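Architecture and fold: a report
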Amino acid sequence: MQSAIRTLTAVAVLVGGGAACQTTPSLKGNGVETQTIGDLASVNPVDVAVPPVELGPGVNAAPLGMLRTSSARALVRRRYSPLAMSAVDESMAVPVGGLNDSGAALEASYSMGALGEDAVLEVVVERWEMPDWAALRSIEATLTGRLINPREPMGPALWEARLDREFRFSVESGTASSSDRALREACDEIMSTLISTLPGRSLQTEFEAELTEG
């Protein structure tokens, strides 16, 4: 899919992510278990839709917006092209005051394939604990990630992995702005770790196609 909705933030997130990152994670084992690698090579996805990150049962809060943006950054590093989140959000729009048959408010959800994407990345937070973030810069996180073929949404995932570990980051000054920045960088590290087992997209096939067409 070659579309204007392919995000222009792909470059921006890498530039932003490359700026003076001050967090230094203390690794306690990779903590990532790859549960599925399906027919990824033959599907060879390029454009990936990244819907909002979801909270699992019993999880009260997590920086979902930051984790979603960090997911897109991690995909770019694996040579995938995340679609513009604004386009994904617009496709999920629910009319104000919309109710289902039971009278409950409708929740927006992404309809797979709505933007002609090659794959959809679903991320669910199963645990997110920050017992003393200000003092320790510690996060205990459990997340799952699934890359889904929108043409076979009920079939096996193209890739699925689960992360379960504690992250510890270096402590900087205690100002609100630096704490926010540190949390964004922590989310980058966490999502990069989760998505690290997703095989990087091979560019060879595209180059061979261009040479053949030429």
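Reference entry: report on the structure contained in this document. Nothing here was measured: the structure is a model prediction, and the numbers come from that model.

**Some points on the overall build of the chain**
Counting its secondary structure elements, the chain contains seven helices and seven strands. The secondary structure elements of the chain, listed N-terminal to C-terminal, are α-β-α-β-β-α-β-α-β-α-β-β-α-α. Buried residues in the chain amount to 39% of all 214 residues. Of the contacts formed within the chain by residues at least 6 apart in sequence, a portion of 75% connects residues at least 24 apart. Summed over all atoms, the accessible surface of the chain reaches about 11,200 Å², with 53% contributed by carbon and sulfur.

**Focus on the nonpolar core**
By size, the foremost hydrophobic cluster in this structure holds 36 residues, and its most contacted members are Leu67, Trp128, Ile139, Leu143 and Leu147. Here this core takes eight residues from helix α6 (residues 176-195), the largest share from any one element. Beyond its immediate chain neighbours, meaning those up to four positions away, Trp128 contacts Ala61, Ala62, Pro63, Leu67, Ile139, Glu140, Ala141, Cys187 and Ile190.

**Structural notes on unusual backbone geometry**
Phi at Arg79 is positive, roughly 75°, even though this residue is not glycine. Turning to its location among the elements, Arg79 is positioned in the loop between α3 (64-77) and β4 (81-82). Residue classification places Arg79 among the partly exposed residues on the basis of a relative accessible area of 46%. The phi angle at Arg137 is positive, at roughly 50°, despite the residue not being glycine. With respect to the secondary-structure elements, Arg137 resides in the loop between α5 (133-136) and β6 (138-148). On the accessibility criterion, Arg137 (1% relative accessible area) is buried.

**Re the pairing of strand β7 (residues 159-168)**
In terms of residue burial, β7 counts as a mostly covered element, since seven of its ten residues are buried. Here strand β1 (residues 32-37) runs beside β7; their pairing, made up of five bridges, is antiparallel. Paired with Ile37 across the two strands is Trp159, which belongs to β7. Pairing analysis gives ten bridges linking β6 to β7, with the strands arranged antiparallel.

**Here's the deal with the side chain of Glu117**
Mapping Glu117 onto the fold places it in the loop between α4 (85-91) and β5 (119-129). Buried charged residue Glu117 carries no salt bridge. Nearest counter-charge: Arg151, at 7.4 Å. Of note is the side chain of Glu117, whose polar atom sits 2.6 Å from the backbone nitrogen of Gly113.

**Topic: the pattern of salt bridges**
The full count for this structure, using the stated rule, is ten salt bridges. A salt bridge links Arg146 to Glu122, with the shortest nitrogen-to-oxygen separation between them at 3.6 Å. Placement of the pair is Arg146 in strand β6 and Glu122 in strand β5, with a sequence separation of 24 residues. Residue classification places Arg146 among the partly exposed residues on the basis of a relative accessible area of 24%. Residue Glu122 is classed as partly exposed on the basis of its relative accessible area of 29%. We note a salt bridge from Asp164 to Arg127, for which the minimum N-O separation is 2.7 Å. With Asp164 in strand β7 and Arg127 in strand β5, this pair connects stretches of sequence that are 37 residues apart. Asp164 sits in the partly exposed class, given a relative accessible area of 38%. The class of Arg127 is partly exposed, set by a relative accessible area of 24%.

Quick notes on the rules
- Residues numbered from 1 in each chain as written.
- Predicted model: local features only at pLDDT ≥ 70, side-chain atom pairs only at ≥ 80, totals over all residues.
- Heavy atoms only, no water.
- Helix = DSSP H or I, 4+ residues; strand = E, 2+ residues; numbered from the N terminus.
- Buried < 20%, exposed > 50% of the residue type's maximum accessible area, 1.4 Å probe, protein only.
- Contact = heavy atoms within 4.5 Å.
- Areas by Shrake-Rupley, 256 points an atom, 1.4 Å probe, with all protein chains shown as cover.
- Core = buried A, V, L, I, M, F, W, Y, C linked by side-chain atoms within 4.5 Å.
- Pairing = 2+ DSSP bridges.
- Lys, Arg positive; Asp, Glu negative; His and termini not counted.
- Salt bridge = Lys/Arg side-chain N within 4 Å of Asp/Glu carboxyl O.
- Polar contact = N/O pair within 3.5 Å; in protein donor to acceptor, adjacent residues only side chain to side chain.

Without other data, these values stay purely geometric and don't point to any function.
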